[in-house]
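Single-letter residue listing:
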Amino acid sequence: MFSDYRQRLVNELKEELEAAENISCEYLASQIRSIGFTCSMCGKCCRRSCGDNRVFLTSSDIRSLQECSLDDAVFPMLPDIQDVPFEDALHEYAQELEVDSQGRYHTFGWMLKRKVNGNCSFIGEDGSNRCGIYDRRPMLCGTYPFYIKCGKLLTSECEGLGKPISDEDAVLLAEGLLGRYVTELKDTALLYEKFEANEGSSPNMNSSKSSFDVDEVLFVVHDHNGNSEFVIKLHK
Ligand code: SF4
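Now for a look at the structure at hand. Keep in mind that this is a model prediction, so the values were computed, not measured.

## Things to note about the packing of helix H1 (residues 2-20) against helix H6 (residues 167-194)
Turning to step 1, where the next piece is worked out: Two elements in contact, H1 and H6, have axes separated by 9 Å at closest approach and are oriented at 165 degrees. In terms of axis orientation, H1 runs roughly antiparallel to H6. When you trace H1 past H6, the crossing you get is left-handed. Contacts from Arg6, Leu9, Val10, Leu13, Lys14, Glu16, Leu17 and Ala20 in H1 reach Tyr181, Val182, Leu185, Lys186, Thr188, Ala189, Tyr192 and Glu193 in H6.
Turning to step 2, where the next piece is worked out: Here the contact of H1 with H6 is composed, by residue class, of 10 nonpolar, one polar and five charged.

## Focus on the site of the ligand
Turning to step 1, where the next piece is worked out: Taken together, Cys46, Val55, Leu112, Cys120, Phe122, Ile123, Cys131, Ile133, Arg137 and Cys141 form the complete shell of residues around the ligand.
Turning to step 2, where the next piece is worked out: Among the residues forming the shell around the ligand, the class breakdown is nine nonpolar, no polar and one charged.

## Focus: the nonpolar core
In summary, soluble globular proteins display a tendency toward joint burial of nonpolar side chains.
Turning to step 1, where the next piece is worked out: In this structure, Val55, Leu57, Trp110, Met111, Leu112 and Cys120 are the most contacted members of the largest nonpolar core, which totals 18 residues.
Turning to step 2, where the next piece is worked out: Mapped onto this core, the elements with two or more residues apiece are helix H3 (59-67), strand E5 (110-112), helix H5 (139-143) and strand E8 (216-223).
Turning to step 3, where the next piece is worked out: Element by element, the count of residues in this core is highest for E5, at three residues.
Turning to step 4, where the next piece is worked out: Residues in contact with Leu57, not counting those within four places in the same chain, are Ile62, Val74, Trp110, Met111, Leu112 and Pro138.

## Focus: unusual backbone geometry
Turning to step 1, where the next piece is worked out: Residue Pro145 is reached from Tyr144 by a cis peptide bond, and omega for that bond is 10 degrees.
Turning to step 2, where the next piece is worked out: Unusually for a residue other than glycine, Met41 sits at a positive phi of about 60 degrees.
Turning to step 3, where the next piece is worked out: Structurally, Met41 is set in the loop between helix H2 (25-35) and strand E1 (56-57).
Turning to step 4, where the next piece is worked out: When the 11 C-beta atoms within 10 Å are taken as the criterion, Met41 is described as exposed.
Turning to step 5, where the next piece is worked out: In this model, Asn129 sits at a positive phi of 60 degrees, which is unusual for a non-glycine residue.
Turning to step 6, where the next piece is worked out: Structurally, Asn129 is set in the loop between E5 and H5.
Turning to step 7, where the next piece is worked out: Residue Asn129 is classed as partly exposed on the basis of its C-beta count, with 17 C-beta atoms lying within 10 Å.

## What to know about the packing of H2 against H6
Turning to step 1, where the next piece is worked out: Contact geometry of H2 with H6 gives a least axis separation of 8 Å together with a crossing angle of 120 degrees. Taken together, the axis directions place H2 and H6 in an arrangement best described as oblique. Considering how the two elements wind past one another, H2 and H6 form a crossing that is right-handed. Each of Cys25, Leu28, Ala29, Ile32 and Arg33 in H2 lies in contact with H6, whose residues at this interface are Ala170, Val171, Leu173, Ala174, Glu175, Leu177 and Leu178.
Turning to step 2, where the next piece is worked out: Split by residue class, the contact of H2 with H6 holds 10 nonpolar, no polar and two charged.

## Looking at the sheet that holds strand E3 (residues 98-99)
Turning to step 1, where the next piece is worked out: Within the open sheet, the four strands sit side by side as E3-E4-E8-E9. Their pairing is mixed. For this open sheet the edge positions go to E3 and strand E9 (226-233), each flanked by a neighbour on one side alone.
Turning to step 2, where the next piece is worked out: Where E8 lies against E9, eight bridges are found, and the strand directions are antiparallel. Within E9, the residue paired with Asp223 across the bridge is Gly226.

## Observations regarding the pairing of E8
Turning to step 1, where the next piece is worked out: Of the pairings in the sheet, the one linking strand E4 (residues 105-108) to E8 comprises four bridges and is parallel in character. Within E8, the residue paired with Tyr105 across the bridge is Phe219.
Turning to step 2, where the next piece is worked out: Hairpin connection, E8 to E9: the antiparallel pair is bridged by two residues.

## What about the pairing of E4?
Turning to step 1, where the next piece is worked out: Only one face of E4 is covered, namely the one carrying Tyr105 and Thr107; the face carrying His106 and Phe108 has none of its residues buried.
Turning to step 2, where the next piece is worked out: With two bridges connecting them, E3 and E4 associate as antiparallel partners. What sits directly across from Glu98, in E4, is His106.
Turning to step 3, where the next piece is worked out: Here E3 folds back onto E4, and the loop between the two strands holds five residues, one of which, Gly103, carries a positive phi near 80 degrees.

Reading guide: rules and limits
Residues numbered from 1 in each chain as written. Predicted model: local features only at pLDDT ≥ 70, side-chain atom pairs only at ≥ 80, totals over all residues. Axes fitted to C-alpha atoms, helices over the stretch in contact; angles between N-to-C directions. Helix = DSSP H or I, 4+ residues; strand = E, 2+ residues; numbered from the N terminus. Parallel < 35°, antiparallel > 145°, perpendicular 65-115°, else oblique. Left-handed = near helix turned anticlockwise from the far one by under 90°. Contact = placed C-beta atoms within 7 Å. Nonpolar A, V, L, I, M, F, W, Y, C, P; charged D, E, K, R; others polar. Near = placed C-beta within 6 Å. Core = buried A, V, L, I, M, F, W, Y, C linked by C-beta atoms within 7 Å. Buried ≥ 20, exposed ≤ 12 C-beta atoms within 10 Å, placed from the backbone. Pairing = 2+ DSSP bridges.

As structure tokens, this is what we get:
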């Protein structure tokens with residue numbers, strides 16, 4: 001039953017991928033030009049105080065960060081809980097994530113690590129709002145506030161929208177968006193294909209090991225490579 005459902009999801013993703021590969025970059029660039037966008041360097045998309053700033057990482061982002069020894073910036077995807085240190089948020093994570101009989105938290109995919117205050121680890125805190133990894137910033141950052149869903153160009157909230165953009169920048173943005181869309185679809189198809197259900201666990205299960213009597217927390221991250229474990233040490 002599960003394998004039929006999984007196969008249907010994979011087939012749907014492959015159809016979407018085929019359609020994505022036929023999207024014209026020029027057409028996308030013309031749509032971006034008519035919407036308009038100039039980054040005002042406000043830094044709001046990088047700061048938690050301005051909303052959910054989690055940066056989902058694609059397989060290509062993870063490779064790029066690893067190539068420049070920034071493995072530490074790759075963190076399991078967590079629910080967005082504001083103004084709470086990781087240790088104090090564990091009970092809330094246990095409500096939103098599956099916790100198995102071994103006390104391991106299961107999650108899907110990776111995000112960019114954030115500071116204790118919730119801001120991105122790489123945002124300049126000197127008032128400049130500069131990105132510390134600008135040339136290697138994740139695909140989501142390089143294409144914000146645009147994204148593509150089911151083949152359609154959509155936008156997130158951003159004060160830079162509606163401002164002029166050069167032809168050259170619109171084409172670069174369109175190329176980045178298409179690359180991101182295709183990579184995300186491929187990653188998701190692989191995730192479904194390689195996903196192994198965790199025997200003996202149930203969603204939102206409260207495990208004795210998920211309480212504060214431990215000095216580390218084990219995550220199982222399901223991604224395009226299958227499953228891997230990730231240990232987070234607790235500072236108590
Ligand atoms: S990587 Fe750079 S652009 Fe992306 S959220 Fe962090 S500071 Fe902002």
